[in-house]
Amino acid sequence: MTPKLYCLFVFVFILPFFTLCAQDLDIMSSFEDYSELDREIVYLHLNKSTYIKGESIGLQAYVLDKAKRRLSSETTNLYCVIRNDKNEIVKKKLLMVNNGIAINDFTVDSLFTSGDYKISAFTNWMKNFKEKNFFSQSIRVIDPDVETEVKQTQNFEKIDAQFLPEGGHLITDVETTLGALIKDNNGFGVPNVECKVVNSNGQELTSFKVNQFGLGRFVLKPKPGEHYKVQFKLDETLYEFDIEPAKPKGVGLSVNALNDNTFITFKTNKATLQDFNNNIYTFTVHNGNQLLEFNFRFGNELEVVKAIRNEDLFSGINIVTLFDDSSTPILERQLFNYDGLKLAQSGAPIVQKQKDSLLISIPYNDLNLSEFNNFSVSVLPAPTRAYNHHENIVSSMVLQPYVRGYIENAQFYFQDISLKTKYELDNLLLTQGWSSYDWTSVFDDPPEVDFDFENGIGFTANFTNNNFRQILLYPTLNNPFEIIELTVNEMYFEKQGLFPISDEKIDIGAINHKGKPVKPYLNLKFSPSGIPEFNLDHNWDVLVPRDVRGSEMSNYQEFASGWEKVEQLDEVEIKAKREYTRTEKIRNASLGRVDFFDEKKKRRFRTFGNFLSSRGFVVLENKAGVSVVGSGKNEESYEFKIIGDPVIFIDDIILSDHNILRDYSLNEIDYIEINKSGIGYGLRGGRCVIKIKTNPFSVLENQPKKEVHVSFDIPLKFDVAKRFYIPKYASFKSNFYKEYGIVDWFSNVSTNQSGTLNLKVFNNNETDIKLFIEGFSNDGTFISEVKEINSN
């Protein structure tokens, strides 16, 4: 739909802000070339912003198509890197993205100490672009061994104040709105400061007050030869900052919203009008994907006003740029249109007590249940000071990528949206200047496909000689058995789309021209083979978490001692150096239930099928084979058919054919691990996983076997999610627990068929809890809420 524009006045202006090499550039064509490639964008929901050493960083990644606001179906590889304050990599992982979602965690272990860290996430495809499509955020780590006092992060040792004319130019005799930004030495806004604007004689012309983020605005009509200052007091200290001198010629810009319309006004003075009254100028409105273009002359008027209905603007960010007659951009202003932004609000939670748990049901009646949805929920004590992220999923997707600076508490602008909220966001955008879309790059350097979408791991295999008819790729957890046919004298082959995890290797066999299995001799080159370099995030500043600023800080004498009372990860092994038995080590490392088989248990169950039946599975055995079905009623006849069957391993080799399990004797089995949740197993993580370990001393195991395959180590594998570790606290009454403790973390959860999100949370009966909810529905709906639950 073409926006309806209403021209009220006409004027002419030209004053280059910066110069491009080309003249008379085609703006629309250049922008279409620049925006032709699809963009991905990623957000990480972290369970906290401040961590105690020994805890786990729980995370869920949402990877979206930037323009369509849909979960990305292109990329499966997401890189996640944590750097310290020296920009050194502390930890890094490759995460597996499935339907736009990835889950994982990092342990805050001995590699960390007290300080600020930056966690970043990006895909290979994002390296093609200069915009901020990646995720980057600061987190705080507290090591109680070295830090017993939580320090206040805000102080006024160094104050920075900027006063930025709307659009970028302050022109004499042109009434201009200036955005005010007052920051402390950490980059946080200094709140609620009352300021006054004075001329060179000290005469007060106007006054204004900045908001809680140090943002404000005032109007000034500068006179020729006059100089202006802004004055304010802070802690009884008088601060005085110069306003940049006005230019004698140029153009000003103002944007104002009124009812259902947005008015864009271009202004100039008489001195400018004399020189540039007949030139044709262009202004554009774009959102990074689409662009609207309008041409006009200034004529003899000092102002021109264009009115655009809000319904005709793009939903979300709109970047207004003015170009002179040689297509040089001279002014830019960003505005935000809330119309069309889909934000889901839940109903009142229903809470039921069940023994030591709270059963929490949160209805989302506005969600389109025909579309896939996914949530992540951090559950913390209600008085927590450990969850103070600047961004939520909404701000990370629709606001932060478009500005050059980092936004303090960006999520504020998408919570409790009102006219005041919209005004505060416009105050922010007034101070942002040029957007993250660089027009020099638009005209001269559009992105090219130097980095592909990645889908798993691939390799190229080269033969020293080819005496093979077929290559056999043995199955892994996420890839089935595969036969590759070779032609005569074919000396290499390629394989893509592998998803290796944990300690998996690539096992390759071959069939020679006589039809016999043989061991192949070949070399493999993997891609990707490591976490790639990503330097673009170095160019973007991040703010430390907002957690400990602006209020009195307590010196926690119980801080270190409180953490010592917590049963930390591997506490017994680390501190007491107690020797685990083999059985304990296996059970402690398991993500499910482990059963070992002594002679009594072997006689009791006799076969693998009988044992699984005792664990709630339906096992159908007949002459055709064996069918293992998840617990529940089965209406199939006794013919061989596997319905919703689990993933089954024998000695870490995945079974593609379950027939071997018919009448499988327990005499050959050492132990069986059953992981009904499937946590930790990548793409198949939604299915039950059964791992059979055979007895290493069985007769069958000791029989000599001829190796007819070659195993290859994989340099880069996917790290899969593990069961999230929640510390066991000595007391739920301490300030330490209330302000820095963890109740639970839920990732990769969805609503049921009636649109209700159901959670089961531990109830300590001492502390109310807060649910920090982030989520996305694949019709473009964002979910970002905080719910407080009474535990009594």
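Scroll up to find the structure.
Bear in mind that the values here come from a model prediction, so they are computed numbers and not experimental data.

A. Inspection of the overall build of the protein at higher detail. Counting secondary structure elements, the protein contains 12 helices and 45 strands. The burial tally for the protein puts 55% of its 792 residues in the buried class. In the protein, once contacts between residues fewer than 6 apart in sequence are set aside, the share between residues at least 24 apart is 71%. Per element, the accessible surface of the protein, about 36100 Å² overall, is 46% carbon and sulfur.

B. Molecular detail of the nonpolar core. Counting residues in hydrophobic clusters, the biggest one holds 104 residues, and the most contacted among them are Ile-119, Tyr-413, Phe-459 and Ile-471. A per-element tally of this core places strand S3 (residues 56-65) first, with six residues. If near-sequence neighbours (up to four positions away) are discounted, Phe-459 is found in contact with Leu-473, Phe-493, Glu-494, Lys-495, Gln-496, Leu-498, Ile-506, Ile-508, Leu-524, Lys-525 and Phe-526. In this structure, Leu-358, Phe-375, Leu-759 and Val-761 belong to the second largest nonpolar core, which totals 33 residues.

C. Layout of the environment of Glu-621. With respect to the helices, strands and loops of the structure, Glu-621 is situated in strand S35 (residues 618-622). Residue classification places Glu-621 among the partly exposed positions, given a relative accessible area of 25%. Sequence separation between Glu-621 and Leu-661 is 40 residues, and the spatial gap between their C-alpha atoms is 9.3 Å.

D. Structural context of the sheet that holds strand S13 (residues 204-209). In space, the four strands of this open sheet follow the order S13-S12-S15-S16, with antiparallel pairing throughout. The sheet is open, and its two borders are formed by S13 and strand S16 (237-242), each paired with just one other strand. Each strand axis lies, on average, 25 degrees off the axis of its neighbour in the sheet, ignoring direction. Taken together, the six bridges between strand S15 (residues 228-234) and S16 define a ladder with antiparallel strand orientation. Bridge assignment links Phe-232 to a residue of S16, and that residue is Tyr-239.

E. Local environment of the side chain of Ser-56. Among the secondary structure elements, Ser-56 is positioned in strand S3. Apart from residues lying up to four places away in sequence, Ser-56 is in contact with Asn-47, Tyr-51, Asp-105, Phe-106, Thr-107, Phe-724 and Tyr-725.

F. Main features of a negative patch on the surface. On the surface, a cluster of negative charge is contributed by Asp-26, Glu-32, Asp-33, Glu-36 and Glu-293. Residue class for Asp-26 comes out partly exposed when judged on its relative accessible area of 47%.

G. View of the packing of aromatic side chains. For the structure on display, the rule yields 44 aromatic pairs. Between Tyr-402 and Tyr-437 the ring centres are 6.1 Å apart and the planes differ by 25 degrees, which places this aromatic pair in the stacked class. With Tyr-402 in the loop between helix H3 (393-398) and helix H4 (419-430) and Tyr-437 in the loop between H4 and helix H5 (439-444), the pair connects residues that are 35 residues apart, well separated along the chain. Across this residue pair, the class does not change: Tyr-402 and Tyr-437 are buried. Each member of the aromatic cluster is reached from another via a ring pair, and the members are Phe-459, Phe-463, Phe-468, Phe-493 and Phe-526.

H. Up close: the pattern of salt bridges. Evaluated as defined, the whole model comprises 24 salt bridges. We note a salt bridge from Glu-131 to Arg-39, for which the minimum N-O separation is 3.0 Å. You can see Glu-131 sitting in the loop between strand S8 (115-122) and strand S9 (135-142) and its partner Arg-39 sitting in the loop between helix H1 (27-34) and strand S1 (40-46), a full 92 residues away along the chain. You'll find Glu-131 and Arg-39 in the same group, each marked buried. The salt bridge partner of Arg-217 is Asp-426, with a shortest N-O separation of 3.0 Å. You can see Arg-217 sitting in strand S14 (residues 215-220) and its partner Asp-426 sitting in helix H4, a full 209 residues away along the chain. Through salt bridges with shared partners, one network takes in Glu-166, Arg-217, Arg-333 and Asp-426.

I. Up close: the sheet that holds S14. Here we have three strands laid out as an open sheet, ordered S10-S11-S14, and antiparallel in their pairing. With one partner strand each, in any of the chains shown, strand S10 (160-165) and S14 form the two edges of the open sheet. For this sheet, the mean angle separating the axes of adjacent strands, direction not counted, is 25 degrees. When S10 meets strand S11 (residues 176-183), the two strands line up antiparallel, connected through six bridges. Bridged to Leu-164 within S11 is Gly-179.

J. Summary view of H1. Of the residues making up H1, those classed as buried are Ile-27, Ser-30, Phe-31 and Tyr-34. Down the axis, H1 shows its buried residues gathered within 95 degrees of arc, on one side only. Elements that come into contact with the buried residues of H1 comprise strand S19 (280-286), strand S20 (291-297), strand S22 (316-323) and H5.

Definitions and limits used
- Residues numbered from 1 in each chain as written.
- Predicted model: local features only at pLDDT ≥ 70, side-chain atom pairs only at ≥ 80, totals over all residues.
- Heavy atoms only, no water.
- Helix = DSSP H or I, 4+ residues; strand = E, 2+ residues; numbered from the N terminus.
- Buried < 20%, exposed > 50% of the residue type's maximum accessible area, 1.4 Å probe, protein only.
- Contact = heavy atoms within 4.5 Å.
- Areas by Shrake-Rupley, 256 points an atom, 1.4 Å probe, with all protein chains shown as cover.
- Core = buried A, V, L, I, M, F, W, Y, C linked by side-chain atoms within 4.5 Å.
- Pairing = 2+ DSSP bridges.
- Axes fitted to C-alpha atoms, helices over the stretch in contact; angles between N-to-C directions.
- Patch = residues over 30% accessible without salt bridge, like charges linked within 9 Å, V, L, I, M, F, W, Y side chains within 5 Å.
- Salt bridge = Lys/Arg side-chain N within 4 Å of Asp/Glu carboxyl O.
- Lys, Arg positive; Asp, Glu negative; His and termini not counted.
- Charge placed at Lys NZ, Arg CZ, Asp CG, Glu CD.
- Phe/Tyr/Trp six-rings, centres within 6.5 Å; stacked < 30°, edge-to-face > 60°.
- Arc of directions from axis to C-beta.

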